[in-house]
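# Descriptive structure summary
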Amino acid sequence: MGFLRIIRKWALRDKMPIREIARRTGVSRNTIKKYLRTGIVEPEFQILDRPSKLDPYAEKLTGWLLSEQRKSRKERRTAKQMHADLVQLGFDGSYERVAAFVRNWKGERQRAQHTTDRGVFVPLVFQPGEAFQFDWSEDWAYVGGERLKLQVAHIKLSHSRAFLVRAYLLQTHEMLFDAHWHGFRVFEGVPGRGVYDNMKTAVDRIGVGKKRDVNARFLAMTSHYVFDPEFCNPAAGWEKGQVEKNVRDARHRLWQLMPAFPDLNALNEWLEERCKLLWAETPHGRLPGNIADIWDAEKAALMPLPTMFDGFVEQSKRVSPTCLIAFDRNRYSVPASFANRPVSLRIYPERLVIVAEGHVVCTHERIIERSHRQPGRVIYDWHHYLAVVQRKPGALRNGAPFVEMPEGFRKLQDHMLRRPGGDREMIDVLSLVLHHDEQAVLCAVEMALEAGVPTKTHVLNLLHRLVDGAPIDQPDVTPPAALSLNKEPEANVARYDGLRTTGGTRHAS
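Residues numbered from 1 in each chain as written. Predicted model: local features only at pLDDT ≥ 70, side-chain atom pairs only at ≥ 80, totals over all residues. Heavy atoms only, no water.

If you check an unreviewed UniProt entry, the protein appears there as IS21 family transposase from Sulfitobacter profundi. Per UniProt, the protein has the following entry under Sequence similarities (unreviewed entry): "Belongs to the transposase IS21/IS408/IS1162 family." (UniProt positions renumbered as here; feature names shortened; annotations may be inferred.)

Let us look at the overall build of the protein. Of the regular secondary structure elements, the protein holds 16 helices and 14 strands. For the protein, the C-alpha radius of gyration of 35 Å lies well beyond 23 Å, the compact-globule estimate for 509 residues. Each principal axis of the C-alpha distribution contributes one length, and for the protein these read about 135 × 70 × 60 Å. Counting every position in the protein, which comprises 509 residues, the buried fraction comes to 39%. Across the protein, the fraction of contacts at a sequence separation of at least 24, relative to all contacts at a separation of at least 6, is 60%. Surface summary for the protein: the accessible area is close to 30400 Å², and the carbon and sulfur share equals 51%. Averaging the positions of the 75 positive and the 62 negative side-chain charges in the protein gives two centres separated by 8 Å. (Helix = DSSP H or I, 4+ residues; strand = E, 2+ residues; numbered from the N terminus. Rg over C-alpha atoms; globule rule 2.2 N^0.38 Å. Buried < 20%, exposed > 50% of the residue type's maximum accessible area, 1.4 Å probe, protein only. Contact = heavy atoms within 4.5 Å. Areas by Shrake-Rupley, 256 points an atom, 1.4 Å probe, with all protein chains shown as cover. Lys, Arg positive; Asp, Glu negative; His and termini not counted. Charge placed at Lys NZ, Arg CZ, Asp CG, Glu CD.)

Counting 54 residues, the largest nonpolar core has F134, L150, F187, Y196, W255, L267 and W279 as the members making the most contacts within it. Going through the elements one at a time, strand 1 (132-143), strand 2 (146-157), strand 3 (163-168), helix 7 (173-187), helix 8 (216-225), helix 10 (264-281) and helix 11 (291-298) are the ones with two or more residues in this core. Here this core takes eight residues from helix 7, the largest share from any one element. Those residues in contact with W279 that sit more than four places away from it in its chain are A162, F163, V186, F187, N290, I291, A292 and W295. (Core = buried A, V, L, I, M, F, W, Y, C linked by side-chain atoms within 4.5 Å.)

For the rest of this paragraph, the subject is the sheet that holds strand 14 (residues 378-379). The strand order across the open sheet built from three strands is 9-10-14, with neighbouring strands paired in mixed fashion. Of all the strands in the sheet, the pair left with one neighbour each is strand 9 (324-327) and strand 14. In the sheet, strand 10 (residues 330-333) pairs with strand 14 via two bridges, with the strands oriented parallel. Considered in strand 14, the bridge of Y332 is made with I379. (Pairing = 2+ DSSP bridges.)

Moving on: helix 11. Among all positions of helix 11, only I291, I294, W295 and E298 are buried. Projection of helix 11 onto a plane perpendicular to its axis shows the buried side chains occupying an angular sector of 100°, all on one side. Capping the start of helix 11, N290 holds a side-chain oxygen 3.2 Å from the backbone nitrogen of A292, two or three residues further along. (Arc of directions from axis to C-beta. Polar contact = N/O pair within 3.5 Å; in protein donor to acceptor, adjacent residues only side chain to side chain.)

Next up on the list: helix 13 (residues 407-416). Restricting attention to buried positions, one finds in helix 13 the residues G408, F409, L412, Q413 and M416. Down the axis of helix 13, the sector holding all buried residues measures 135°, keeping them to one side. The secondary structure elements touched by the buried residues of helix 13 are helix 14 (422-430), helix 15 (438-451) and helix 16 (456-468).

Its place among the elements puts E68 in helix 4 (residues 58-69). The buried category is assigned to E68, whose relative accessible area is 4%. Those residues in contact with E68, other than ones at most four positions away along the chain, are E75, R76, R77 and M82.

Rendered as structure tokens:
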């Protein structure tokens, strides 16, 4: 990870020649060119989930440590005594595992209680394109007729102080990646450094001093956009004071004056336009001019915007026998051919992508329900169940996925299910969407319903005419008088009696 990141930084940001990179790293020029050409930013390997033997006893041990903190120092149990007590409860792990847990717990508690001298500060000055600061906040807004608590991303350029505010429903990895993309898009470039607090989506573990175990996906994003992440000390928000002040200012600049919005996209569009207006209205303070003027001058120092980072979070799921996977209290349908099989779920801010065997199987719009009082939803795609009803046609009548079919298909189903064998004919009509455009099939169905002939053969006839471009309705033709017959033919079946055998003549029968 670090080696690929260094190569991309030298080549893309420092504009170092390939020959010089090869000399410094000892890697051939062809290998370096391959890395840069393919855009590899993180190695692909499988991380095994290795649970600890102490996990079932972690809550118990934490309770003991809290109770011991209330006692005097001489009365507290040691880590060795706690290990012996855990062994009596069935724990068969080593003492070192318990000691490491106690050591980490005490370190986190000390950092939480740590205080520093908050009375003296040093003013900070940033060069153009040097850094940006990022933070989250919580605010409320009326979206879709409901008052929602939103997770708000704040990103701010440290030199020009240009900022962007964007609202989400969650503070997850995919939302974090999306906020960075929109921030760099609005700023029209990428600074060289990003300043963060120790949020869980970026830092897996806080070490001593500035040492951090950075999340792999977060580090992949920084490698893609080629900037260096920098993390503040715990409980030291003044180290990124610009964005902290932006959180406070946004409440009376934006949220207190905000109208109601139909959806979250409309809210974010309003926030983006409002932020740009505030750039022009707000003086910079340290430099002459407003924020928009300084940002316009800073754009030349920003790295050109690369392509959007594919910011998804991947989870492994197993498809149920009813062709569903569960995520975030909701269930989503998957094609029936993948039932009872493992698949990968790629989570984006607004959609879910199901991948199997290296190929995208299907995509669903993501449903985020914040209220836990409501039951989870089931999102069906009736196309996924066509292979099932072809083998089990009786499931079509009351199948839950087929309730969401277009109106034309449901009307045709009502007509066909009244006749014997109509369920199989209806399945044959629905299966046409696997080979033809769905809108063309739906148009043929609606035309058959209008003609009063809701049958499979008529729908097929109309569909073939639509596909071949043949006219559906033939115009009425009135023949001219010159073509009228002088003698109209008679419908006389007695003429066929002459074909019968007479006078010994034998005809073929």
